[in-house]
Amino acid sequence: MEGVLVLLGLALLLVPVLLVVALAMIAGLRGRVADLEQAVEGLRRGAAQASAAASSAPAQAAAGPAHSGAAGTGYPDDGRAGRYGADDPASDGVPPIVETPPPAPYRPDPLDPLAASVRPAPPPLPPVPPREAWHDADAAPAPVPPARPRAPDAPDPLAIALRAVKRWFTSGNVPVKVGMLVLFAGVAALLKYASDQGWLTLPIGLRLAGIAAAAVAGLVFGWRKRDSHRAFALSLQGGMIGILLLVVFAAFRLYGMLPAAAAFAASVALVAGAGVLAVLQNAKALAVFAVLAGFLAPIWLSTGSGNHVALFGYYAMLNAAILGIAWFRSWRVLNLLGFAFTFGIGILWGVLDYDPAKYASTQPFLLLFFLFYLAIPLLYARRMPAGRRDLIDGCLVFGTPLVAFSLQAALLRSDTLALAFCALGVAALYAALAWTLLRRENFNALAQSYALLAVGFATLAVPLALSAQATACVFALEGAALVWLGLRQQRWLPRFTGGALQVAAAVTFALAAGGHVVPASAMPFLHGLFAGALIIALAGFAIAWCCRGAGRMHVALFAYLWAVAWWVGAFSAEIVRVVPWRSVPDALLALAAVSGWIAAELHRRHPARALGATLLAALLVAAPLALWQVALNGQPFAGTGLWAWLVFAVLGVRGLVCLRTGDDAGIARAAQFVWWLLWPLVASLLLRHVALQTGRALPDGLGDGWAAVALALPWLLLAAVSLRRWSWLAAPLGTRFDPMRAPLQAVVFLGLLAGWLVALRMPGASTPLPWIAVLNPLDLLQGAVLLLVAQWSWSAAMPDAVRRARVPVLAALAFLLVTAITLRGAHHWGGVDWSLRLSSSSLAQTSLTVVWSILGVFGWVVGSRRGQRLLWLAGAALMAIVLAKLVLVDRGHLGNLWGIGSFIAYGLLCTVVGFFAPAPPRAAGGDEIDGTSEEAKA
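Position numbers for residues start from 1 in each chain and track the written sequence from start to end. Local features in this predicted model are restricted to residues whose pLDDT is 70 or higher, and side-chain atom pairs enter the listing and the counts only when it is 80 or higher, whereas totals over whole chains, interfaces and linings include all residues. Values reported for side chains reflect all heavy atoms of the structure, with hydrogen atoms and water molecules removed beforehand.

**Section: the packing of aromatic side chains**
Any aromatic ring pair is given by two values, namely how distant the centres are and how the planes are angled relative to each other.
Then step 1. In this analysis, rings of Phe, Tyr and Trp, with Trp reduced to its six-membered ring, are considered paired at centre separations within 6.5 Å, and the interplanar angle assigns stacked below 30 degrees, edge-to-face beyond 60, and tilted for intermediate values. Under the criterion given, the structure shown has 26 aromatic pairs.
Then step 2. Centroid distance Phe365 to Phe369: 6.4 Å. Interplanar angle 35°. Geometry classified as tilted. With Phe365 and Phe369 both in helix 12 (residues 359-383) and four residues apart, the pair spans about one turn of that helix.
Then step 3. The structure contains a cluster of three or more aromatic residues connected by ring pairs, namely Phe525, Phe530, Phe541, Tyr560, Trp567 and Phe571.
Then step 4. The criterion for a charge sitting over a ring is simple: Lys NZ or Arg CZ within 6 Å of the ring centre, and within 35 degrees of the ring normal. One residue, Arg806, lies across the ring of Trp794, its end atom 4.3 Å from the ring centre. We count a stretch as a helix when DSSP gives it H or I for four or more residues in a row; a strand needs E for two or more, and each element gets its number in order from the N terminus.

**Some remarks on the environment of Leu589**
Then step 1. The residue Leu589 is located in helix 20 (residues 584-605) in this model.
Then step 2. Here's how the labels work: a residue is buried when its accessible area is under 20% of the maximum for its type, exposed when over 50%, partly exposed in between, all with a 1.4 Å probe on protein chains only. Residue class for Leu589 comes out buried when judged on its relative accessible area of 0%.
Then step 3. Sequence separation between Leu589 and Pro624 is 35 residues, and the spatial gap between their C-alpha atoms is 9.9 Å.
Then step 4. When sequence neighbours within four positions are dropped, the list of residues in contact with Leu589 reads Ala622, Leu625, Gln629, Ala644, Trp645 and Phe648. Every residue pair with non-hydrogen atoms within 4.5 Å of one another is taken to be in contact.

**So, a nonpolar patch on the surface**
Then step 1. Only residues above 30% relative accessible area that lack a salt bridge enter a patch, with like-charged residues linked at up to 9 Å and the nonpolar side chains Val, Leu, Ile, Met, Phe, Trp and Tyr linked at up to 5 Å. Areas reported here follow the Shrake-Rupley algorithm with a probe of radius 1.4 Å; residue values treat only the protein chains shown as occluding. When a carboxyl oxygen of Asp or Glu lies within 4 Å of a side-chain nitrogen of Lys or Arg, that pair is called a salt bridge. Taken together, the side chains of Ile347, Leu348, Val351 and Leu352 define a hydrophobic patch exposed on the protein surface, amounting to about 420 Å² of accessible area.
Then step 2. Among the secondary structure elements, Leu348 is positioned in helix 11 (residues 332-353).

**Let's talk about the nonpolar core**
Then step 1. What is meant by a nonpolar core is a set of buried Ala, Val, Leu, Ile, Met, Phe, Trp, Tyr and Cys residues, joined one to another through side-chain atoms within 4.5 Å. Counting residues in each nonpolar core, the largest one holds 152 residues, and the members touching the most others are Tyr430, Tyr450, Phe457 and Phe648.
Then step 2. If one sorts the elements of this core by residue count, helix 18 (residues 528-549) sits on top with 12 residues.
Then step 3. Residues within four places of Phe457 in sequence aside, it is in contact with Pro401, Phe405, Ala423, Val426, Ala427, Tyr430 and Leu477.
Then step 4. One finds Ala826, Val832, Leu838 and Leu843 within the second-largest nonpolar core, a separate group that totals five residues.

**Overview of the state of the cysteines**
Then step 1. When two cysteine sulfur atoms are found within 2.5 Å, that pair is recorded as a disulfide. All told, the structure shown has zero disulfides when counted by the stated rule.
Then step 2. Cys546 provides the cysteine sulfur closest to Cys547, a residue in no disulfide bond, and the two sulfurs are 6.8 Å apart.
Then step 3. Residue Cys547 is classed as buried on the basis of its relative accessible area, which comes to 3%.

The structure is reproduced here in structure tokens:
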């Protein structure tokens, strides 16, 4: 310890030496700067004299010949000056235009050395007209907006620390500050050296007493000079109190002359005296020194007894002194030092030496320290001016309950119910403070902070009474409070700390939940694991709300998504735990409906895109939940599914009504778009289940044509309503949903066409009814789809490309449908299996040949009769295809009647066409008017 003091003294001695060297260097620089200023001034005077001499030379040269001309002209007198005077009637007072001779060239005087180097100034030019008057004037430049001022960069902590050190060494009475440091180190080194060398023959008690007397004299001298030499007096007083503390330390630790109690009492008296001097003289630095010395005194005077009651009792006295100082002075740094030392040393002692047997002697001190630092921010706000009382001390307002309650949780680690009651008590205390301060003027920020803490601790009492997730909940609530305070005071550190606490809360909760198993007897939604996750979600919602109010939309969106994830995770985990497995999708559907509805109600009052997107997500997630219901129960409305879908329908309609508020209609349109696609899907799944159940009840089952109708019927109904009764689908958004008409119809009709193509591969059985071509369920369904598609393609909103392609596309689809009906007829009436063997059967091939030939002939004849050349060519192309089919496919079936019949039928049809329409009709503008060719007339 002695060696450390000597090294400290030597290090401090270097400070004045370096300071003197710096002052000498500064003095030398000042001399060099003065010399440079004198040299610049001399050069400036010489330049001014040369400029004056140059300007006087042209004036002397022009004054020479002035006497030889007419008066005032400077030109030779030729008698014309008086000829055009005012008495001459011919002049009318207007002088004639006189040609001015060019000026004589300048010839410098050879005898004047200055004139040889200086030329006279040229005559002035006529004024130039403004640029706007020129015939090729440019357009006026567009005004350039002023650049926005760049926000100053915040200084880094190292720069702040260096600035503080520089300010200490450059402001106030610097010499006395340095002197006290050096004197402090010198006295310590002298005492040590004198003790080691034995130079002092006086008893050690007398020596220490002499040093103490000298320090007291210096202290008195500094007190008397407090008004005339304030900086000197304060530094001297601090140094003398430090020397007295060193004397007490030496008498106790080095020489054993004072017992521990006496040394402790003397140190307390000195620290208290320093605090009194600081308050009387309004000296913050002296008060900081007193607080530091007071908190460090038990450390250097410790005997290793481990008496925590004495330690905390002494700290209670120090904190009482800090509270008394806060009554008179608003010194925030003093409050922070007391808070840091009190709870820091308390936490260190608790980690190293606490055991449950010391609870009774520890709990009162924790409560006392909490009350101290609960009152200090109130005094700090009271001492502030009336207009600045909203600048609260956030570190103490929010840090005190955080640290104190965490310590309380450590003391009551085995009694969570008592900890819950503690949380309720703290909530009641903060609620009372908030109520009291709200009735006073200029205490709004402090009152709001206390109200927020009251709500947080009241909410925290719920999970504490049911589980041990205290730390995570405290972190989440504290983080939300710090973010709110940072946004209110526009400080980045509380905002960053609050976000970090949210992450810490999530990590802590995950670690605690990993090894925690909720007992089966726990009440649903009333245990700590669920409540803790819900508190983290609510804290995230609070942060999103605060950031949205402050205009930080990106941070608000991230916090909102974070909160929604915790909200959904908490409820989903609890639903999976307590709800029977077959009813889990029903409960999740109800959760999605309620969550989306709450977000929509908030959107109605405070429009936000994220809130509308929440309802949209709830509608989107209903589709996979419906499929999950089908997988578990066969249909969406089985069991509790009916009630879930009723809740979903009611809350969904209400949510869409709420989305009518706000300027951004994109989310609302998308939500209603998904809404109208969701219900046909659910109805299709229900009808499919009804068809399957009916098939099981019938002896021969139910044909697949009925199942296809059950799946497609809701979509057909939606397509028909979108074409004929759009106003039914526009509600509840109304005309704001009109832009979605074309996208909705496109999705519905393209979906129908996709299903229509898939249905071509179905046999279309109509059991229990007999199968009749065209009049069976599947054929009627596909025909209805084609009719609706045709009506849709002929709507006025269709683009030109679709209009040009609709006839050939519809003709091709109709051809495919006729082909499918033909093959189904071969299957149902001819008894051929519906498989790949159907295409190789002679019955199917002959049927296709005949039907295609009839279609081709129909196209030929109708095209010729109506003058539709394109239709005639299509019929001809189809007949060519049939001919190729006869040559390539049906040729193998000539050994049976069906193959022979196909050839005969094709030949007869071609003969008929050759009689009625042997050639295509002429193009538009030909001789034929009624669309019938001359050959056809013959």
